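# Overview (structure and organization)
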Amino acid sequence: MTTDVIELSRLFAAPPERIYAAWLDAAEHTAMTGSPATVESATVGGRYTAANGYIDGSIVALEPGVRIVQSWRSDDFPADALDSLLEVRLEPVPGGTRVTLHHGDLPEGQGPALLEGWEEFYFEPMERYFGKLRPREVKVTAAGGKARKPARKAARKAATRRPARKVAKRKGAAKRAAGKPGKKAAPRRGGTRRAPR
């Protein structure tokens, strides 16, 4: 039987331990997603539900603050489909956490809809709950320990910088308008300079 696999990640402005604890706590899982959840026990083998019972499964493996692995199935799975496997990886980054969801063994054809579902029903509410950490807010350290601007921000700044020739031309025009001596224009070929009007 062919299955789908999806993976997506997002940055949040909260430490890995905070997100780990919220994922495994019924009240906090409910608050961070905006939809009722239950957690029988935050230990391997513990059962859970999410999205008001639409999702259910059990905890397969735990690495505190690092990784959560769960069996996962929704009401949309065919009756003969096996449970899928969800791995939630938590990676510390400056100012927060990169959360990566690796969701495999999905019934064939369900991957694209579930990818949208994770974005809409988990990542978007989690951004509101924990705070969004934009990539440009992440400090990148170059060799030697000096902080440098992320490439995207530096590129945007460079794109808005005026070309040097245009700036010089405008400065010359401003000096002439103010009656200050500036560079005189060369006479036109085959004739004399026109007097300014």
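Heads up: the structure comes first, above all this text.
Quick summary incoming for the structure in this document.

Rules of the game
- Residues numbered from 1 in each chain as written.
- Predicted model: local features only at pLDDT ≥ 70, side-chain atom pairs only at ≥ 80, totals over all residues.
- Heavy atoms only, no water.
- Buried < 20%, exposed > 50% of the residue type's maximum accessible area, 1.4 Å probe, protein only.
- Helix = DSSP H or I, 4+ residues; strand = E, 2+ residues; numbered from the N terminus.
- Arc of directions from axis to C-beta.
- Pairing = 2+ DSSP bridges.
- Salt bridge = Lys/Arg side-chain N within 4 Å of Asp/Glu carboxyl O.
- Phe/Tyr/Trp six-rings, centres within 6.5 Å; stacked < 30°, edge-to-face > 60°.
- Core = buried A, V, L, I, M, F, W, Y, C linked by side-chain atoms within 4.5 Å.
- Contact = heavy atoms within 4.5 Å.

## Concerning helix 1 (residues 16-23)
For helix 1, the full list of buried residues reads Pro16, Ile19, Tyr20, Ala22 and Trp23. End-on, the buried residues of helix 1 take up no more than an arc of 165 degrees, which puts them together on one face.

## Some words on the pairing of strand 6 (residues 84-93)
Along any regular strand, the residues point their side chains to alternate faces of the sheet. Sheet topology note: the strand 5 (residues 67-74)/strand 6 ladder contains six bridges and is antiparallel. Each bridged residue has a counterpart across the sheet, and for Arg67 the counterpart in strand 6 is Arg89. Relative to strand 7 (residues 96-107), strand 6 runs antiparallel, the two sharing nine bridges. Pairing of Val93 across the sheet is with Gly96, part of strand 7. Here strand 6 folds back onto strand 7 in antiparallel fashion, the turn holding two residues, of which Gly95 has a positive phi close to 85 degrees.

## Examining the pattern of salt bridges
Scanning the entire structure with this criterion turns up ten salt bridges. Asp56 serves as the salt-bridge partner of Arg47, at 3.1 Å between the closest nitrogen and oxygen. The class for Arg47 is partly exposed, based on a relative accessible area of 37%. A cluster of three or more residues bridged by salt bridges with shared partners is formed by Glu7, Glu63, Arg67, Glu87 and Arg89.

## As for the packing of aromatic side chains
Applying the stated criterion across every chain, the model contains eight aromatic pairs. Where Trp23 meets Tyr122, the ring centres are 5.3 Å apart and the plane angle is 35 degrees; that geometry is what we call tilted. A residue pair is termed long-range when its members are at least 10 positions apart, and Trp23 in helix 1 and Tyr122 in helix 3 (residues 111-130) qualify at 99 residues. Residue Tyr122 is classed as buried on the basis of its relative accessible area of 6%. Aromatic ring contacts, followed pair by pair, group Trp23, Trp72, Phe77, Trp118 and Tyr122 into a single cluster.

## Digging into the nonpolar core
Generally speaking, a soluble globular protein has its nonpolar side chains buried in company with each other. Among the nonpolar cores identified, the biggest contains 30 residues, and Trp23, Leu101, Trp118 and Met126 are the most heavily contacted of them. The dominant element in this core, judged by the number of residues it contributes, is helix 3, at six residues. Beyond its immediate chain neighbours, meaning those up to four positions away, Leu101 contacts Ile6, Glu7, Leu8, Trp23, Leu86, Glu87, Val88, Trp118 and Phe123.

## A word on the sheet that holds strand 4 (residues 55-63)
Judged by pairing direction, the sheet is antiparallel, and its seven strands sit side by side in the order 1-7-6-5-4-3-2 without closing on themselves. The open sheet terminates on both sides in strands that have one partner only, identified here as strand 1 (3-12) and strand 2 (38-39). Sheet analysis places strand 1 next to strand 7, joined by nine bridges and oriented antiparallel. When the bridges of strand 7 are listed, Asp4 appears paired with Leu106.

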